[in-house]
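# Geometric and topological summary
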Amino acid sequence: MGFRCGIVGLPNVGKSTIFNALTAAAIDAENYPFCTIEPNVGVVAVPDERLDRLADLVKTRNKVATQMEFVDIAGLVKGASQGEGLGNQFLGHIRQVDAILHVVRCFEDDNIVHVDGSIDPLRDLEVITMELVMADLDTVEKRLTKATNQAKSGDKKFLAEAEFLAEVQQVLGAGQPARIVNPEDEAQERILRELCLLTTKPVLYVANVSEDDLVAGNPFVDQLQAQAGDEGASMVTIAGGIEQELSLLDQEEQQEFLADMGMDEPGLNRLIHAGYDLLGLITYFTVGEKETKAWTITRGTTAPGAAGKIHSDFERGFIRAEVIAYDDYISCGSEATARDKGLMRSEGKEYLVKDGDCILFRFNV
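Residues numbered from 1 in each chain as written. Predicted model: local features only at pLDDT ≥ 70, side-chain atom pairs only at ≥ 80, totals over all residues. Heavy atoms only, no water.

## A look at the overall build of the chain
The condition that has to hold: Numbering of helices and strands starts at the N terminus; helices are DSSP runs of H or I of at least 4 residues and strands are runs of E of at least 2. Accessible area is worked out with a 1.4 Å probe on protein chains only. A residue is then buried under 20% of its type maximum, exposed over 50%, and partly exposed in between. Working rule for contacts: check all heavy atoms of both residues, and any pair within 4.5 Å makes them a contact. Each accessible area is a Shrake-Rupley result for a 1.4 Å probe, and residues are judged covered by the shown protein chains and nothing else.
Per the secondary structure count, the chain includes 14 helices and 13 strands. Buried residues in the chain amount to 49% of all 365 residues. In the chain, the proportion of contacts linking residues at least 24 apart, taken out of those at least 6 apart, comes to 70%. When the accessible area of the chain is evaluated, it comes to approximately 17700 Å², of which 47% is carbon and sulfur surface.

## What to know about the packing of aromatic side chains
Pairs of aromatic rings are described using the distance from one ring centre to the other and the angle between the two planes. Note the cut-off: Pairs were defined over the aromatic rings of Phe, Tyr and Trp, the Trp ring being its six-membered one, requiring ring centres within 6.5 Å. Orientation was assigned from the angle between planes: stacked under 30 degrees, edge-to-face over 60, tilted for the rest.
Taken as a whole and assessed by the stated rule, the structure comprises 4 aromatic pairs. Between Tyr 284 and Trp 295, the aromatic rings sit 6.3 Å apart at their centres with planes inclined by 15°, giving stacked as the arrangement. A residue pair is termed long-range when its members are at least 10 positions apart, and Tyr 284 in strand β9 (residues 281-286) and Trp 295 in strand β10 (residues 292-298) qualify at 11 residues. The class of Tyr 284 is buried, set by a relative accessible area of 0%. Classification of Trp 295 as buried rests on a relative accessible area of 13%. Pairwise contacts between aromatic rings join Tyr 284, Trp 295, Phe 318 and Phe 361 into one cluster.

## Side note on the pairing of strand β6 (residues 99-105)
Side chains on a regular strand alternate between the two faces of the sheet. This is how it is decided: Here, strands pair whenever DSSP counts at least two bridges between them.
In terms of burial, β6 is a largely internal element, 7 of the 7 residues being buried. Alternating residues of β6 divide into Ala 99, Leu 101, Val 103 and Arg 105 and Ile 100, His 102 and Val 104, and every residue in both groups is buried. By the bridge criterion, 4 bridges tie strand β1 (residues 4-8) to β6 in an arrangement that is parallel. Considered in β6, the bridge of Gly 6 is made with Ile 100. By the bridge criterion, 6 bridges tie β6 to strand β7 (residues 203-208) in an arrangement that is parallel.

Here it is as structure tokens:
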């Protein structure tokens, strides 16, 4: 698996409500298991109708969904980059995730006190963004001091590193995230990877609204949507309270609840898929009567790399991949029929796996 999304936000914005609903997932636990690794980490199945249809088609005995890991990170307060509140713990947890789901409060409720006394999504967003920027600035300045001292030797490598770090420092000093920095070569890419900056991580904004505002939205949602648009970021609107209610119902009750609400699927499904897209992930399938399974890979992965997700021997001894597109598999009804119709392709080491590919790997070690 290995893909982790950290749920962040100010206190009392609905982070834990959303996390609890996710890890009680609106998914049949028998078919889509999740497990709790530690108190604030949950592994959740990625809902995918394609897996269900393939498994039903071949009457598989075991169906295994692909999964994502969600981390409920301690609430952030202003000054966290200097250790205020649970700042150090918060920042340490963020460094370990691949993407950030930033929950922003877009609802009013007199019974839930806002840490700053009023509802203001853009102010709340800026508080967290600036804390991450300040933490990154501290990291970069320490590395820059070291590189500057090393550059006194005249070594071109350290001179180039100090110059690049000064550019990153300038971006962060202007209050901008490091993700807008465009490395010009592999050396600069390596420096950014080694720094493990918080603001290089992709962000998905989650507007948490009341039940009444789920369909029509409200001015707070509009503000957040406009800001996300300016940043080129994605946003999902959900009602945390509704999702928590849904997570406690069985499958039939959920469908009735969703129908009453005029919803096609739980909002958490949209959130999970948005997180999946945010990380540039796709799914391929291995299909059989014994087991039908979904596998997560990054977009642009070659066939041998995808085979390595199953076992390193598959990648090491890769011969070819026998591929059927998902739509072709469904329309044919079986692997044998797809092969007879010439819809099973034989692909080599350079093939880039596509989302929905159904693959049989041939290998020899």
